[in-house]
Amino acid sequence: MAAEAKAAVPGGPADAGRPGRRGRSGRGGRPAPVGHARERSDRRLGYLLVAPVLILLLAVTAYPLVYNIWNSFHFDNLSYGNLPHKWVGVQNYTAMFKSSQWVSALERTVIFTVVTIVLDVVIALGLALMMHRKFRGRGFLRAAVLVPWAVPTVVSAMLWKTMFDPRSGFVDYFLAAFHPAWASLSWLGASVDRSWIAIFVADSWKNIPFVAIILLAGLQVIPNDVYEAARIDGANWWQSFRRVTLPMLRPALSVALIFRTLQALLVFDVIYIMTGGGPGNSTQTLSFLSFQTFITSTDFGEGGAMSLMLVVLALAVSFVYVRAFRPQT
Amino acid sequence: MGSSSSIRQSRGRAGMTALSIAVAAFTAITAAACSSSSSSTNATPGSSSSSSGSGAGGSQTIVFAESGLGTEGQQTQKAITAFEAANPNIKVTIQVLSSDSTQYLATLEHDFITGSSTPDVFESDVTYPAKFAQAGWVMPLTSFNVDSSQYFPHEVAAGTFNNTLYAMPWFDNPEGLYYRTDLIKTPPTSPAQVVSDAQAALKADKSLKEGLAFEAAKYEGAITSFLTVDSAFGGTLDPTSVNTPGNVAALGWLHDAIYKYHIAPTAVTGWQEGQVQSEFSSGYAAFSINYPFVEAQPAAAAVKGHIGYIPFPAGTGGTPGSALGGEMLAINAKSAHAQAAWKLIQYLCSAPVEVARAIATGDPPSLPSAYTQQLYSAAPYFQDVKTLNNYSAPRPVNPNYLQVSADLQTLFSAVYANSSSSAASQAFAAANSAIASDASKTPGA
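Residues numbered from 1 in each chain as written. Chains lettered and ligands numbered in written order. Predicted model: local features only at pLDDT ≥ 70, side-chain atom pairs only at ≥ 80, totals over all residues.

Turning our eyes to something else, we now look at the overall build of chain A. Along the backbone of chain A there are 16 helices and zero strands. Relative to its 329 residues, chain A shows a buried fraction of 29%. Pairs at least 24 apart in sequence give 64% of the contacts found in chain A among residues at least 6 apart. (Helix = DSSP H or I, 4+ residues; strand = E, 2+ residues; numbered from the N terminus. Buried ≥ 20, exposed ≤ 12 C-beta atoms within 10 Å, placed from the backbone. Contact = placed C-beta atoms within 7 Å.)

With that out of the way, let us pick up the overall build of chain B. Of the regular secondary structure elements, chain B holds 15 helices and eleven strands. A total of 445 residues make up chain B; the buried ones form 50% of that total. A fraction of 72% describes how many contacts in chain B between residues 6 or more apart in sequence connect residues 24 or more apart.

At the junction of Gly278 of chain A and Pro279 of chain A, the peptide bond is cis and its omega measures out at 0° in the coordinates. Mapped onto the elements of the fold, Pro279 of chain A is located in the loop between α14 (269–274) and α15 (286–296). That bond from Thr118 of chain B to Pro119 of chain B is cis: its omega, 0°, falls within 30 degrees of zero. Position of Pro119 of chain B among the secondary structure elements: in the loop between α3 (101–113) and β3 (121–125). Of note, Thr298 of chain A is a non-glycine position whose phi angle comes to about 45°, a positive value.

Let's shift gears to helix α11 (residues 351–361) of chain B. Of the positions making up α11 of chain B, those classed as buried are Val353, Glu354, Val355, Arg357 and Ala358 of chain B. Positive backbone phi, at 90°, marks Gly362 of chain B, one or two positions downstream of α11 of chain B.

Okay, the domain arrangement of chain B next. Residues and elements named next belong to chain B. Domains assigned within chain B are domain 1 (56–172 + 325–393) and domain 2 (174–324 + 396–439). For domain 1 versus domain 2, the separation of C-alpha centres amounts to 28 Å. With 23 residues of domain 1 in contact, the opposing surface of domain 2 contributes 23 residues. For the side of domain 1 that touches domain 2, the secondary structure elements donating two or more residues are α4 (129–135), α5 (153–158), β10 (322–331), α13 (382–389) and β11 (392–393). Here the side of domain 1 that touches domain 2 is built from residues that sort into eleven nonpolar, eight polar and four charged. (Domains from an automatic or database assignment. Nonpolar A, V, L, I, M, F, W, Y, C, P; charged D, E, K, R; others polar.)

For the rest of this paragraph, the subject is the domain arrangement of chain A. Residue and element names in this part refer to chain A. Domain boundaries in chain A define domain 1 (18–72) and domain 2 (94–324). Taking the mean C-alpha position of each, domain 1 and domain 2 sit 40 Å from one another. At the junction of the two partners, domain 1 supplies four residues and domain 2 supplies six residues. Partitioned by chemical class, the residues of the side of domain 1 that touches domain 2 number one nonpolar, three polar and no charged.

Now for the confidence of the model for chain B. Segments scoring low in pLDDT should not have their predicted coordinates read at a detailed level. All names here are of chain B. Put simply, chain B has an average pLDDT of 86, and 86% of its residues get 70 or more. The secondary-structure element of chain B with the lowest mean pLDDT is helix α1 (residues 2–43), recorded at 39, while strand β8 (residues 285–290) shows the highest, at 98. As scored by the predictor, the complex reaches a pTM of 0.81 and an ipTM of 0.77. (pLDDT = per-residue confidence, 0-100.)

Turning our eyes to something else, we now look at the environment of Leu175 of chain A. Residue and element names in this part refer to chain A. Along the chain, the position of Leu175 falls in helix α9 (residues 170–175). Classification of Leu175 as partly exposed rests on a count of 15 C-beta atoms within 10 Å. A sequence separation of ten residues divides Leu175 from Leu185, and the C-alpha atoms of the two residues are 9.1 Å apart.

As structure tokens, then:
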């Protein structure tokens, strides 16, 4: 802001040491060759600086994406290598939209995303508020709480699969203390509801710390003066939380929401490990279905259409978040 | 201002220099990667100058992809060493792929899709040959004048697609019914007797946790455990029409074992063969449906020496049941060393080598002639395995089998999670046309 204000004053301090501007004024408005060359050189330097990253991004992101789009309009089943890679128009998309399996997977993915985000944010906010308070061992707790997030998802999913095992897991052992019938509950594979509960527990266990740490960072930059002012104005804890904490937590919250929503929309590994999409197809999400179409059916045409829809969905959600959390001027 | 300008210029030059170095380094790395990649690609097709090609003196190196780890891997290495000694002109490089079947298949497919000539020889699950043959990735074995009649016919059938043999039986894993001979004095002769024996055993021995353990997790094993039971009820697994009374009765029986007879816990819905083996070997199950490897595993004292292994007993209108598992060997259609690859397959699938492997690893031979006194002396349970091999039914030989398998896994998994008594019949009726469509799909046509 300050820099912009300075630059807005012609001949002001912001112009100091700018040969281009000096040159322009010195030559009656005509661009000075020396300054112009410098600007070109600076621009070129800028382009060159970003070039390696840009090339890398194009190679690993843009190229696969464009190739995937291309594939999605073709017949491309690798199990039929002898058949031509022919143009089929929107046939793969039509097949996908007509597929009840895809529609169900979309519904499940959206529901999973909403539930897991609500769970994560509510619990993580509580955790962050707690860790924001001063108490003995706070530093240790802040470090320890990150451990689940540092564990790879595949490992944490395997861990929870074992914990939910009715024979060797601790969950049934723990629940047996409350009710004898809960001593041998089968969580994965035998019940749709219990399978989802197990997935939510495993997913939240891993991701809540991440959200909590982001929110904690957001809490730490809220000045105490604001709380002080609210207190002087007679605000109680809840009013102060609603009117001060939450609004000032918006930037941190938006970051956490964008990250977690995209992760949840693309959820795959925890489901692949814990339920394999079962019982039946009841825990199959879009990414899982896309994986099956690519890997099991080796259908890169329809698989391409499915994964592109995921990209579109992710972009749409990101756009909505960015609009919703745009800084208010 | 002048100094500021010169600093900027100097910084600019320094920046440009640093940038030039960075760009040059990046370009060099990329170029090196490309050149390395292209050179390795060039080397792969088995050209004469490559490591996999013919060297001086006509020697050649072939690549053998397999999934064996531990004892199996060691035994393969031992056999390869002996093969190389017997064939000094052929060197074999073993490429150990993932033991996870999905990952294993994906790696092989990537090689085939890119047109790689390696691996020259590869291990294939009994369900892959039809798919590989349809895709043109595997070499027909017709030119090698194979005498397939020497092998168990069910596994030969699994390697045959459109009347052409594409894969050789390497070892043959029939799935059957295990029972505790100390608890069940005479082997059951009907599915109903399995239920009554299991219930009686549960009453008699309080250390048992279940009467029957079987694979009901959502994975391929759920299909083989179903197939083990299927023919006993007169069922056959034809994917173009799965909704048959026999199939409904077989799945219904497994479902009822959980919800009606209460001889199997709901926990089976998460069990694969490892957990099933663990339950049986630990002495927690009176019966279990599993592969021959169970007999070679350490067992609790109560179980040791009290293991019976039989085809699943037939019900009315059925025949004793067993499902075919096992591994085959095939040659990459793009291999530049087909003759050498075939020599290796012949060697690995010969009786003495299969016997040595069976004794060391428990992998049952695919040759009936390999079931010799020598083998029985080392591991008497192979007598049971040979009997089971006479009944073992292959899974559908279909190029779309993996899709069919995914459909069936979903169907079975849904049924095992549904306590309704009509779950099996409803599921088969609902999925019949979708499975038939996936089985007969000829995309792009």
